[in-house]
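# Notes for the structure review
Next come the chains, spelled out residue by residue.
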Amino acid sequence: MSGYPYPPYPPSSEFPENDPTYGWIAPPFPQPTFPPQVLPEVASGQPEGFAQAAAIAAAQPEQLLNNKVAIPRSANSAAVSNRGRVSRACENCREQKVKCSGQRPTCQRCQDAEIQCSYGDRKREKLARRLSDLTARVDTLETLLQNIYPNLDSLSAQYVERIFSDQYDKDQPPSHLPSEIPSPLLTTDAGSSIGAIDLTKEDFNHDEKIQAMGFVGEHSEIAWIYRLKKLLHHLHQGRLDRDLARDYVTAANYFVDDSDVIILSNVDLSRRPLPTVADRLVESFFQVVHPCFPIVNKAIFMDQYKSFYSSPSVRPGTRWLAVLNLIFAIAMKLVHNSSKDDETTTDDHNVYFSRAWRLSMGDTSLLGHPNLQQVQVEGLITFYLMTVGQANRAWRLSGISIQSAITMGLNLRNESSAILFSWRENRYRIWWSIYVLHVLLCVMTGRLPSSTDDSCTTPLPVPFSEDEFSRGEIEQLIEDHDARTSFMRNLVSQFSAQSAESALVPDSARHQNPSHGQQSDQVASAALQFLTPNASLHFLYFVELGLIMRRTIDALYAPGAGRKSWHSMEMIISALNSRTDSWLDKLPAELHFTRGALACERERLSLAFAFYSTKILITQPCLSRTLLQATWDDKTEEFTTTTAAMCIDMASYMLQLLPDVPDLTWAYRLSPWWCSVHYIMQATTVLFTSLVIKERVNTVHHYRTFESISKASNWLSSLAEKDPSAHRALVAVQDLTSFRGIEAALEAQREN
């Protein structure tokens, strides 16, 4: 205490806490007797209370042996002591172990010292901070779980769902949680399926018409049309009989696989078109098709092509000739579709395709061992079949090209010292070209991809043109895998980088060798300075969308998804939506389809169609669930309704990409014409579904649906002049429009 050399003793039985004299202490030893009437002098600077105590001791010396000695305080301290012991001291007084006045909001000591006074409970504050930290950790884990949920297989996802389901008490210890992943034969959830994704009711060997179509899965717009037609017929015309139900599957198909692919037998395998015609076709191919599917290295091919036409004596291999004729066939199909009716050509695209088929896919070709040119041939054949509406055959050939590429090890990162770095990059592009093409065909046919993401460690393609591979900075980027990884992380989302390169070097390994990490970062920074908007940068983001689309198929439409609960589906849809939005945020301004430059119009349109198609694929399960619930329940979940409305918006945005007046020159010069009918039908089916939902319950609102459907019909009618699949798609749209419910809805919108 101030002015006294001894600290106060704790209370005892002699000095109870409620004693008003508490705070006064007895000396630790007997005090001597002072002479009567003798008072010690008060030293200068001593407190006034000390002089008073000395006076008392001099006046009554005989009482000092048995009585307490009062130790006066300052005026403020005296006022504090008169209040007795307070129920709670402030934090500062408790830390200093001094008596607190207990005044609120500020005690006397804190007020005199001009410091902040607090009466908080420290334990309670620590508990609150601990609770806040745990809450933040739980939120982080929930976000992590949401991000990894689409990567889980159906059984693992269901295992996680069981742990967090309401059937387990929150107070149970972890030992009571399930310790084994459930068996697929023992787990069923009748209300979780978004459709018939885990079973089939068709006999695909019934007749040639169904065989030509094959199995169509739930992520194909053909399945959506089929389900919509069945519902409309049930609502307005009664139940379907068995024959009618079977015919509806083929009636919804607009592909032309039931027509034969004619392979001409009398073509001259050594014949070549005139140089002027060949130059035009090659230029069209590399200008329109190559940016999205760089199956062939342009620089290498052009050198070989010029040598082939400049030296008639040159005899290239049969597979190279097959590649050349396939380029001619694809380009001729493009020219044929975009030309006027009165324009004639010397050779038809079927002639070039027949020549390429006989050169590369003879009777014994499937028994031979594949090489890089064979992979290119199979990829180009796949693309050609897709352009002529042979989706079933194209999907099968794409599977063969994927298997041939895996046989060549193109699905793995190559570290061979015998291969030049530029050649490695060319092989990576071949892989990603046939990979994205295969995923696109999987969406069109509703089937699963042939390989898994775990089987691929091929790095994402560098966003530089092929003639820049020889530049020193770009060559170092291709050579240094760590630098390439760091470079890609600045361009694409973390999900895509991890999905494409599962063999990435972890950050901990880089910390163990910091000099190498710094060198890789310098290489990545140097290469980043040379990055400009180009077709290769577009291809990188196109591949990233293909990865998201592939994950969507596996997580939402695989047969195992039928065993997932709807809560699990919501988490997956939310995570995939976030990944797609992250892709859009990373998109450079030059390639952004809402504010990009006109110089990149073709690349922007390609990414825009692919983006909206991916969003429709992700959100369509909510639209399907809303459609099914509309027949029996007027109330749907908020997440389902909101996401279904998003699906309808994406369909409308996709159709807005098309000019109001159909223009075939625009379509075949700028848009992805090889699957334009697929994109139009995907969006149109979603809009038809929204009309049916709006007719049943006023759940999903969407305006200008009539204008969008009419616009799609006009485009299909224009494309049908040269494309048989577009003609069948137009018939399917007209068939949907003829249903009484949709016809009434369209008429109401027409009047409004």
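See the structure shown above.
Reading the values: the criteria
- Residues numbered from 1 in each chain as written.
- Predicted model: local features only at pLDDT ≥ 70, side-chain atom pairs only at ≥ 80, totals over all residues.
- Heavy atoms only, no water.
- 1 Å grid on protein atoms, 1.4 Å probe; cavity = no way out; pocket = protein on both sides within 12 Å on 5 of 7 lines; lining within 4 Å.
- Points joined across faces, edges and corners; volume = space filled by probe spheres on them.
- Helix = DSSP H or I, 4+ residues; strand = E, 2+ residues; numbered from the N terminus.
- Phe/Tyr/Trp six-rings, centres within 6.5 Å; stacked < 30°, edge-to-face > 60°.
- Buried < 20%, exposed > 50% of the residue type's maximum accessible area, 1.4 Å probe, protein only.
- Salt bridge = Lys/Arg side-chain N within 4 Å of Asp/Glu carboxyl O.
- Patch = residues over 30% accessible without salt bridge, like charges linked within 9 Å, V, L, I, M, F, W, Y side chains within 5 Å.
- Areas by Shrake-Rupley, 256 points an atom, 1.4 Å probe, with all protein chains shown as cover.
- Core = buried A, V, L, I, M, F, W, Y, C linked by side-chain atoms within 4.5 Å.
- Contact = heavy atoms within 4.5 Å.

### Quick notes on empty space enclosed by the protein
Over the atoms a probe the size of a water molecule is rolled, and this reveals where empty space is left. With the rule as written, the count across this model stands at 11 cavities of 30 Å³ or more. Counted as a void, the largest cavity has a volume near 150 Å³. Taken together, 18 residues form the lining of the largest cavity, with Met386, Trp674, Val677, Asp723 and Ser725 sitting closest to its centre. Looking at the lining of the largest cavity, the elements that each hand over two or more residues are α14 (372–387) and α27 (676–696). It is α27 that provides the largest number of residues to the lining of the largest cavity, a total of three residues.

### Quick notes on the packing of aromatic side chains
Counted by the stated rule, this structure contains 28 aromatic pairs. Relative to Phe611, the ring of Trp583 has its centre 5.6 Å away and its plane inclined at 15 degrees; by these criteria the two rings are stacked. Pair noted here: Trp583 is in helix α23 (residues 566–586) and Phe611 is in helix α24 (residues 601–629), with a separation of 28 residues, a long-range link. Judged on exposure class, the residue Trp583 and its partner Phe611 are both buried.

### Looking at the pattern of salt bridges
Inspection of every chain in the model, using the stated rule, returns nine salt bridges. The partner of Asp258 in a salt bridge is Arg728, with the nearest N and O atoms 2.9 Å apart. Separated by 470 residues along the polypeptide, Asp258 in the loop between α9 (242–252) and α10 (275–289) and Arg728 in helix α29 (residues 724–737) bring together distant segments of the chain. On the accessibility criterion, Asp258 (41% relative accessible area) is partly exposed. With a shortest N-O distance of 2.7 Å, Arg550 and Asp554 are connected by a salt bridge. One end of the pair is Arg550 and the other is Asp554, both in helix α22 (residues 535–557) and four residues apart, which spans about a single turn.

### Details of a nonpolar patch on the surface
Taken together, Leu141, Leu144 and Ile148 make up a surface patch of nonpolar side chains, about 250 Å² in accessible area. Mapped onto the secondary structure, Leu144 falls in helix α5 (residues 122–148).

### Quick look at the nonpolar core
Among the nonpolar cores identified, the biggest contains 172 residues, and Phe301, Trp583 and Trp674 are the most heavily contacted of them. With sequence-adjacent residues up to four places away left out, Trp674 is seen in contact with Val288, Val289, Cys292, Phe293, Phe383, Met386 and Thr387. Listed in part, the seven residues of the second largest apolar core include Cys100, Cys107, Cys110 and Tyr119.

### Points about the environment of Pro463
The residue Pro463 is located in the loop between α16 (421–445) and α17 (472–479) in this model. For the pair formed by Pro463 and Ser536, sequence separation is 73 residues and the distance between their alpha carbons is 4.6 Å. Contact partners of Pro463, with chain neighbours within four places excluded, come to Phe487, Met488, Leu491, Leu531, Asn534, Ser536, Leu537 and Leu540.

### Some words on the side chain of Ser354
As for its placement among the helices and strands, Ser354 is situated in helix α13 (residues 349–360). Residue classification places Ser354 among the buried residues on the basis of a relative accessible area of 0%. Beyond its immediate stretch of four places on either side in the chain, Ser354 contacts Ile262, Ile263, Leu264 and Val267.

### Remarks on unusual backbone geometry
Here the amide bond leading from Arg104 into Pro105 is cis, since omega sits at 5 degrees, within 30 degrees of zero. Non-glycine residue Lys97 carries a positive phi angle of around 60 degrees. Structurally, the position occupied by Lys97 is in the loop between α3 (91–96) and α4 (108–113). Classification of Lys97 by relative accessible area gives exposed; the value is 76%. Of note, Glu114 is a non-glycine position whose phi angle comes to about 55 degrees, a positive value. Along the chain, the position of Glu114 falls in the loop between α4 and α5.

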